[in-house]
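Examination of the molecular architecture
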Amino acid sequence: MYGAFIGDIVGSKYEFYNIKTKEFPLFSEGCGYTDDTIMTAATAKAILMSMKVQNSSSDGMTKNFDEILVEVMQDFGRRYPHPIGAYGGRFAMWLHQENPRPYGSFGNGSAMRVSPCGLAAVTMEEALELARVSAGVTHNHPEGIKGAEAVSAAVFLAKCGKSKEEIGQYIADNYYNLDFTLDSIRETYQFNETCQGSVPQAIVAFLESESFEDAIRNVISIGGDCDTTGAIAGSIAWIYYIVQEEGYEGWASNRMNADMQAIKAKAQEYLPEEFIVIADEFCKMCWQRKKDFDTGIPFLPVYKASE
């Protein structure tokens, strides 16, 4: 989750003032969290609540994940009404509807908030199903769902310790053509809020990176919808680099190199305390689910979509 938070905060300053260089301060005046961070925290909170509902219910879930997600997203949107960059027009209306319905969007909002799905999942099937359900409450267009699935899958594979080559091949085989380089698009790439016009670019920014910070610098350097592409690239790169150096237990135990620790500490200065608490609780829940799964303890799935 912190990868998404950090990418969002760093990119927020450059969303409407694109730069085409990797040389810039990560945090400076004008940075702050946007709707990407708010809805990522909301997704994690909804997953936590879904698990608690299941574990406390004697006769199965009383509310399904998509119902809980809608409630939490609307609650967070109303309590954090003025993020940097504001909410998109249709989404802003959705936040205040009494009976909100999906509106066929293929915007990258489905991909920006999905990383908790890949982190919580214990199988690829679950990572993809969670992504579909989380996207479907708003972005039920096939491209909106595709973008969410691709990011959730990349996060899940990174969590499992897969290589960049394996992650890139999975995305190329199942979702997007990644046969381009950042250098080849940097000069001409423009602002694009669609999944199909921003998710592949964010994934390539991760694939070309040499460190977490480099992934963020990569994705900001091409311009475009920088807070969202930053959140996407950051969400994959954060878990990838921690797991590669410390293993999955390292992520669960908050072990990471000094550079990443410093970036995380700086990002926390921008975040509401509520989001920090959610991230910590969510991390513990993910670790427990994985331990239960690895030892053969029966576990309840996070998702159960409404009929």
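Residues numbered from 1 in each chain as written. Predicted model: local features only at pLDDT ≥ 70, side-chain atom pairs only at ≥ 80, totals over all residues. Heavy atoms only, no water.

1. Focus: a nonpolar patch on the surface
On the surface, a nonpolar cluster with roughly 370 Å² of combined accessible area is contributed by Phe16, Tyr17 and Phe191. With respect to the element layout, Phe191 can be found in the loop between helix H10 (182-185) and helix H11 (199-207). (Patch = residues over 30% accessible without salt bridge, like charges linked within 9 Å, V, L, I, M, F, W, Y side chains within 5 Å. Areas by Shrake-Rupley, 256 points an atom, 1.4 Å probe, with all protein chains shown as cover. Salt bridge = Lys/Arg side-chain N within 4 Å of Asp/Glu carboxyl O. Helix = DSSP H or I, 4+ residues; strand = E, 2+ residues; numbered from the N terminus.)

2. Quick notes on the side chain of Asn218
Inspection of the secondary structure assignment puts Asn218 in helix H12 (residues 212-221). In this structure Asn218 touches Lys22, Leu182, Ala205, Glu208 and Ser209, once residues within four positions along its chain are discounted. (Contact = heavy atoms within 4.5 Å.)

3. Side note on the side chain of Ser198
Tracing the chain through its elements places Ser198 in the loop between H10 and H11. A distance of 3.1 Å separates polar atoms of two side chains, one belonging to Ser198 and the other to Asn108. Ignoring sequence-local partners within four residues, the contact set of Ser198 consists of Asn108, Tyr189, Asn192 and Thr229. (Polar contact = N/O pair within 3.5 Å; in protein donor to acceptor, adjacent residues only side chain to side chain.)

4. What about the environment of Asn140?
Topologically, Asn140 is positioned in the loop between helix H7 (124-136) and helix H8 (142-159). Taking the relative accessible area as the measure of exposure, Asn140 reaches 35% and is therefore partly exposed. Considering only alpha carbons, one finds Asn140 and Gly104, 36 residues apart in sequence, at a separation of 5.0 Å. Setting aside anything within four residues of it in sequence, one finds Asn140 in contact with Pro102, Tyr103, Gly104, Ser105, Ala135 and Ile145. (Buried < 20%, exposed > 50% of the residue type's maximum accessible area, 1.4 Å probe, protein only.)

5. As for the layout of surface pockets
Estimates place the volume of the largest pocket at around 480 Å³. Of the residues forming the lining of the largest pocket, the biggest block, three residues, is contributed by helix H4 (residues 89-95). (1 Å grid on protein atoms, 1.4 Å probe; cavity = no way out; pocket = protein on both sides within 12 Å on 5 of 7 lines; lining within 4 Å. Points joined across faces, edges and corners; volume = space filled by probe spheres on them.)

6. Focus: the packing of aromatic side chains
For the structure on display, the rule yields 18 aromatic pairs. Both rings, one in Tyr14 and one in Phe24, keep their centres 5.3 Å apart while their planes meet at 65°; by these two values the pair is edge-to-face. Here Phe24 lies in the loop between helix H1 (2-12) and helix H2 (35-56) and Tyr14 lies in the loop between H1 and H2, a separation of ten residues in the sequence. Tyr14 gets classed as buried once you look at its relative accessible area, which sits at 7%. Geometrically, the ring pair formed by Phe27 and Tyr270 is stacked, given 5.7 Å between the ring centres and 25° between the ring planes. (Phe/Tyr/Trp six-rings, centres within 6.5 Å; stacked < 30°, edge-to-face > 60°.)

7. Some points on the state of the cysteines
Here the structure, examined in full by the defined rule, presents zero disulfides. The thiol sulfur of Cys117 is not disulfide-bonded, and the nearest other cysteine sulfur, from Cys286, lies at 10 Å. Cys160 forms no disulfide, and the closest cysteine sulfur to it belongs to Cys286, at a distance of 12 Å. Accessibility expressed as a relative area gives 42% for Cys160, which makes it partly exposed. (Disulfide = S-S within 2.5 Å.)

8. Let's talk about helix H13 (residues 226-252)
With 27 residues, H13 extends only 28 Å from end C-alpha to end C-alpha; this falls clearly short of the ideal 39 Å at 1.5 Å per step. The largest bend along H13 reaches roughly 120° and is located at Glu246. Along H13, 22 of the 27 residues are buried, which leaves the element largely enclosed by surrounding structure. One or two positions beyond H13, positive phi appears at Asn254, with a value near 65°. (Expected span 1.5 Å × (residues − 1). Bend = angle between axes of the 7 residues up to and from the residue.)

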